[in-house]
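# Examining the three-dimensional arrangement
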Amino acid sequence: MRKIIFAGVITTLFSIVLLFQFSCAGEKTAKPLSQGEMIALGKYIVTTSGCDDCHTPKIFTENGPVFDTTRRFSGYPQGEVLPAIDMNMIGPGKWSMTDKHLGA
Ligand code: HEC
């Protein structure tokens, strides 16, 4: 019985050491990103995560809204008046509201 317990303890310790080695080995091989790589990664995240949807003003064409790329990520257009807010639409369990640019 003692031999079985001893073998179990040794196996567990060996497994922990082995797992620790693998996790540390992964950290050592990861090299820092260059500036160009960071810019490319940021561009990828911003593009695939839809940041423009809310943070870029829209131009309203006959085919629907398109991003105003001359004002990319500029937020809600300065000087454009917000529509009136129906306070009955705000509250727990009700819909959320936004403006036509999705930025306010
Ligand atoms: C669904 C709409 C929406 C999307 C999509 C969105 N945001 Fe936002 N973001 C907002 C709103 C609304 C706020 C303002 C929140 C507040 O002030 O409470 C905000 C705030 C921010 C702020 C803080 C700005 C400040 O002055 O404090 C940053 C930075 C930001 N967003 C970056 C991003 C990035 C990066 C992405 C894409 C990965 C993104 N957002 C996608 C709606 C959105």
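Residues numbered from 1 in each chain as written. Predicted model: local features only at pLDDT ≥ 70, side-chain atom pairs only at ≥ 80, totals over all residues.

### Points about the overall build of the protein chain
Across its full length, the protein chain holds three helices and two strands. The N-to-C order of helical and strand elements in the protein chain reads α-α-α-β-β. Counting the 104 residues in the protein chain, one finds 3% classified as buried. (Helix = DSSP H or I, 4+ residues; strand = E, 2+ residues; numbered from the N terminus. Buried ≥ 20, exposed ≤ 12 C-beta atoms within 10 Å, placed from the backbone.)

### Here we look at the site of the ligand
Close to the ligand lie Ile 45, Val 46, Ser 49, Gly 50, Cys 51, Asp 53, Cys 54, His 55 and Leu 102. No other element matches the four residues that helix 3 (residues 51-55) contributes to the shell around the ligand. For the shell around the ligand, the class distribution of residues is five nonpolar, three polar and one charged. (Near = placed C-beta within 6 Å. Nonpolar A, V, L, I, M, F, W, Y, C, P; charged D, E, K, R; others polar.)

### Some remarks on the pairing of strand 2 (residues 64-67)
Looking at chain direction, strand 1 (residues 58-61) and strand 2 are connected through four bridges and run antiparallel. Bridge pairing in strand 2 places Phe 60 opposite Pro 65. (Pairing = 2+ DSSP bridges.)

### Considering unusual backbone geometry
Notably, Phe 73 is not glycine yet its phi reads approximately 60°, a positive angle. Mapped onto the fold, Phe 73 is located in the segment after strand 2. In this model, Leu 102 sits at a positive phi of 65°, which is unusual for a non-glycine residue. Along the polypeptide, Leu 102 turns up in the segment after strand 2.

### Remarks on the environment of Lys 58
By the secondary structure assignment, Lys 58 is in strand 1. Along the chain, Lys 58 and Leu 102 lie 44 residues apart, while their C-alpha atoms are 8.9 Å from each other. Here Lys 58 is in contact with Pro 65, Val 66, Phe 67, Asp 68, Lys 100 and His 101, once residues within four sequence places are set aside. (Contact = placed C-beta atoms within 7 Å.)

### Description of the confidence of the model for the protein chain
For the protein chain, the average pLDDT comes to 81, and 73% of its residues sit at 70 or higher. Taken element by element, the protein chain is modelled with least confidence in helix 1 (residues 2-29), mean pLDDT 56, and with most confidence in helix 2 (residues 35-48), mean pLDDT 96. (pLDDT = per-residue confidence, 0-100.)

### A look at helix 2
End to end, helix 2 covers 20 Å across 14 residues, agreeing with the expected 20 Å (1.5 Å per residue, within 8%). By the criterion of burial, helix 2 is predominantly exposed, with just zero of the 14 residues buried. After helix 2 finishes, the residue Gly 50 shows a positive phi value of roughly 70°. (Expected span 1.5 Å × (residues − 1).)

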